[in-house]
Amino acid sequence: PRRGMPPPRPRRVVEPGSRLFVGNLSYEIDTDQLRKFFEKWGPVNDCFLPQDRTTGKPRGFGFVTFRDAADAKLAVAQADGTELDGRQLRVNVAEDTRGPPPPTQPTQRASKWGTKAEDDEDDERERRYEADEDAAKPDFGLSGALAKDENTGNVYKGHVLKWTEPDDARKPVDRWRIYEYKNGEQVKILHIHRQSAFLIGRIKDIADILTMHPSCSGQHAVLQFRLKVLKDDLDEVRVVLPYVMDLESTNGTFLNGERLAPARYVELREKDMLKFGSSSREYVLIRAPA
């Protein structure tokens, strides 16, 4: 592992379709309880519950990996919507293995969790598919080199932006992804490694990640990559990490179920989950393997 950084969680080679995303978990659930619950459908290789940095408790969602994809499929069919510790679970396959989507369904993409092949396939599909204005498909139009206007300040496509990229803004080296879920089902993969900042909101002209729910603000939040310098007695390590900042939205930005203070950058970690306003859509952050 890199000096000064926590060791990465070892990645296991899993059978496609065997890894499940489990949402709406009770914050009191631990990995043993989660494993025991899902083992009724077959042998479970791994359970992972992201933990809150402060309390050390689970964040309300997790990932369960079965030994066999057939068991995982059965678990999705039977566990989704059932209750565990008083909460109705949302269960779906974390990896979309249905293959290339038909032209009429551009949001159903095959996911290889950030491999180079995925990049190539997605680039080709983005050239083929026509964007649907209401499909909330990001256009990645924000360059990072934001325009300045002497009278109005920070302007992009005629809109005064509510934030300016900090001096330590950087384009990430790692291939970060956001997996978007609606009602527990994966609907989209957002590639967020191609520029340093992504504006989230309802204004179609300027939003990189469009949120059409009426509770979301025009400029709701920003996902910003920033350089972080980690030092110890012997060495210095520079890493580019993702941060989120709520742009003083009316109905808030939520990280793992907790509303964020506005106008303040918060560092994100892999498998963090974001929600905006009262929208039911969930955005899970994943760092693709090198």
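Located above this text is the structure these notes cover.
Residues numbered from 1 in each chain as written. Predicted model: local features only at pLDDT ≥ 70, side-chain atom pairs only at ≥ 80, totals over all residues. Heavy atoms only, no water.

Trainee: When you look at unusual backbone geometry in this model, what are you seeing that I'm missing?
Mentor: For residues besides glycine, phi is generally negative; the peptide bonds are generally trans as well. One non-glycine residue with positive phi stands out, namely Ala 263, at about 55°. Along the chain, Ala 263 falls in the loop between strand S17 (258–259) and strand S18 (266–267). Exposure remark for Ala 263: the relative accessible area of 48% places this residue in the partly exposed category. (Helix = DSSP H or I, 4+ residues; strand = E, 2+ residues; numbered from the N terminus. Buried < 20%, exposed > 50% of the residue type's maximum accessible area, 1.4 Å probe, protein only.)

Trainee: How do you make sense of the packing of aromatic side chains when you look at a structure like this?
Mentor: Aromatic ring pairs are reported here in terms of the distance separating the ring centres and the angle at which the planes meet. Going through the model one piece at a time under the given rule, you end up with ten aromatic pairs. Chaining the aromatic ring pairs together yields one cluster made of Phe 21, Phe 61, Phe 63 and Tyr 181. One Lys or Arg, Arg 226, reaches over the ring of Tyr 243 and ends 5.3 Å from the middle of that ring. One Lys or Arg, Arg 226, reaches over the ring of Tyr 265 and ends 4.5 Å from the middle of that ring. (Phe/Tyr/Trp six-rings, centres within 6.5 Å; stacked < 30°, edge-to-face > 60°. Lys NZ or Arg CZ within 6 Å of the ring centre and 35° of its normal.)

Trainee: It is not clear to me how the sheet that holds strand S20 (residues 282–287) should be interpreted in this structure. Could you clarify?
Mentor: Hydrogen bonds between backbone atoms are what pair the strands of a sheet, whose relative direction is either parallel or antiparallel. Pairing within the open sheet is antiparallel, and its six strands lie in the order S11-S10-S20-S19-S16-S17. Only two strands of the sheet have a single partner each, and these edge strands are strand S11 (185–191) and S17. Bridge count between strand S10 (residues 176–182) and S11: six bridges; the pairing is antiparallel. Its bridge partner being in S11, Ile 178 is matched across the sheet by Leu 190. (Pairing = 2+ DSSP bridges.)

Trainee: It is not clear to me how the sheet that holds strand S6 (residues 90–93) should be interpreted in this structure. Could you clarify?
Mentor: Within the open sheet, the four strands sit side by side as S2-S3-S1-S6. Their pairing is antiparallel. Of all the strands in the sheet, just strand S2 (44–48) and S6 have a single pairing partner and so form its edges. Across the sheet, the axes of successive neighbouring strands diverge by a mean angle of 20°, strand direction being ignored. One ladder, built from four bridges, connects strand S1 (residues 19–23) with S6; its direction is antiparallel. Bridge pairing links Gly 23 to Arg 90 in S6. (Axes fitted to C-alpha atoms, helices over the stretch in contact; angles between N-to-C directions.)

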